[in-house]
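The lines below spell out each chain.
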Amino acid sequence: MILELNGIYAGLRFSSAHIVFGHDSCGVIHGHSYYVDVKLSGSPSGDFGFVCDFKIVKQIVKELCNELDHKLLVPRDHDNMEYSIDEDSIFLEYVEKSGKVKKYMFPLEDINLLPLKSTTAEELSIYFTEFIKNRLQKLKMDSSILEIETTVNEGIGQGARYKMLLR
Ligand SMILES: [Zn+2]
């Protein structure tokens, strides 16, 4: 059995800015209206014959969407980007292959520093999947779930999907 949440219709959306450091066009600060689709496969069980309660899954995904919404997403673990924090500000420095240095400064409250190497849809789909898995495990609601599949769409028509087997 597969449970499916459609990000557009279920309201699992966020609008954020990011920089794909080093990329020709996406290396400039730009934004997307993201939406997140989730599939959970497993066996119906419990009093209601659920794979998982839709309401719970939506709450979990919305929690992360809200954390990312209207922020600049910054990859903390990028190989060629250094950052430093001084009181309420963050400074980023990216060295391009040509040796050119790009420097940025932002109010700390405007960014979300993520434990990722990049803020591509690919990396974000892994991040969402792990977040959903951890939350479901914490709530002890993962026992009948075999697989979590998350698609992070950068607007309509393009997205990255990640599938994680739980057992
Ligand atoms: Zn982008």
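Up top is the structure.
For the structure given in this document, a descriptive report is provided here. For clarity, every value in this text was computed on a predicted model and none was experimentally measured.

### With respect to the overall build of the chain
Each helix and strand counted, the chain has three helices and 10 strands in total. Ordering the α and β elements of the chain from the N terminus gives β-α-β-β-α-β-β-β-β-β-α-β-β. For the chain, with 167 residues in total, the buried portion stands at 28%. A separation threshold of at least 6 residues defines the contact pool for the chain, and within that pool the share at least 24 residues apart is 61%.

### Topic: the sheet that holds strand β7 (residues 101-107)
The strand order β5-β6-β7 describes an open sheet built from three strands, whose pairing is antiparallel. A strand with exactly one partner marks an edge of an open sheet, and here the two such strands are β5 (81-86) and β7. Between one strand and the next, the sheet's axes are offset by a mean angle of 15°, whatever the strand orientation.

### A closer look at the nonpolar core
Grouped together as the largest cluster of nonpolar side chains are 32 residues, with contacts concentrated most on Val 36, Leu 40, Val 61 and Ile 132. Those elements that place two or more of their residues in this core are β3 (30-42), α2 (54-68), β4 (72-75), β6 (89-95), α3 (121-138) and β9 (145-154). When residues no more than four places from it in sequence are discounted, the contact partners of Ile 132 are Val 38, Ile 60, Val 61, Ile 148 and Thr 150.

### A word on α2
For α2, which comprises 15 residues, the first-to-last C-alpha distance of 21 Å matches the rise-based estimate of 21 Å (1.5 Å per residue) to within 8%. Here α2 has its buried residues at Val 57, Ile 60, Val 61, Cys 65 and Leu 68. All buried residues of α2 project into a common sector of 135° when viewed along the axis, lining one side. The outward face of α2, more than 90 degrees from its buried face, is lined by the exposed residues Lys 55, Gln 59, Glu 63, Asn 66 and Glu 67. Tucked inside the fold, the buried residues of α2 contact β1 (2-5), β2 (13-18), β3, β4, β8 (111-114) and α3. In the stretch just after α2, His 70 is the one whose phi turns positive, near 55°.

### Notes on unusual backbone geometry
Leave glycine aside and you will find that most residues have negative phi; peptide bonds, for their part, are mostly trans. One non-glycine residue, His 70, adopts positive backbone phi at about 55°. Tracing the chain through its elements places His 70 in the loop between α2 and β4. C-beta crowding within 10 Å serves as the criterion here: with 12 such atoms nearby, His 70 is assigned to the exposed category. One non-glycine residue, Glu 87, lies in the positive phi region at around 50°. Relative to the helices and strands, Glu 87 resides in the loop between β5 and β6.

### Some thoughts on the environment of Pro 107
As for its placement among the helices and strands, Pro 107 is situated in strand β7. Sequence separation of Pro 107 and Ser 89 is 18 residues, and the distance between their C-alpha atoms is 4.5 Å.

### Some details on the environment of Thr 129
Along the chain, Thr 129 turns up in helix α3. With 21 C-beta atoms packed within 10 Å, Thr 129 lands in the buried category. Sequence-wise, Thr 129 and Met 164 are 35 residues apart; in three dimensions their C-alpha atoms are separated by 7.2 Å. Residues within four places of Thr 129 in sequence aside, it is in contact with Ile 148, Thr 150, Tyr 162 and Met 164.

Parameters and conventions
- Residues numbered from 1 in each chain as written.
- Predicted model: local features only at pLDDT ≥ 70, side-chain atom pairs only at ≥ 80, totals over all residues.
- Helix = DSSP H or I, 4+ residues; strand = E, 2+ residues; numbered from the N terminus.
- Buried ≥ 20, exposed ≤ 12 C-beta atoms within 10 Å, placed from the backbone.
- Contact = placed C-beta atoms within 7 Å.
- Pairing = 2+ DSSP bridges.
- Axes fitted to C-alpha atoms, helices over the stretch in contact; angles between N-to-C directions.
- Core = buried A, V, L, I, M, F, W, Y, C linked by C-beta atoms within 7 Å.
- Expected span 1.5 Å × (residues − 1).
- Arc of directions from axis to C-beta.

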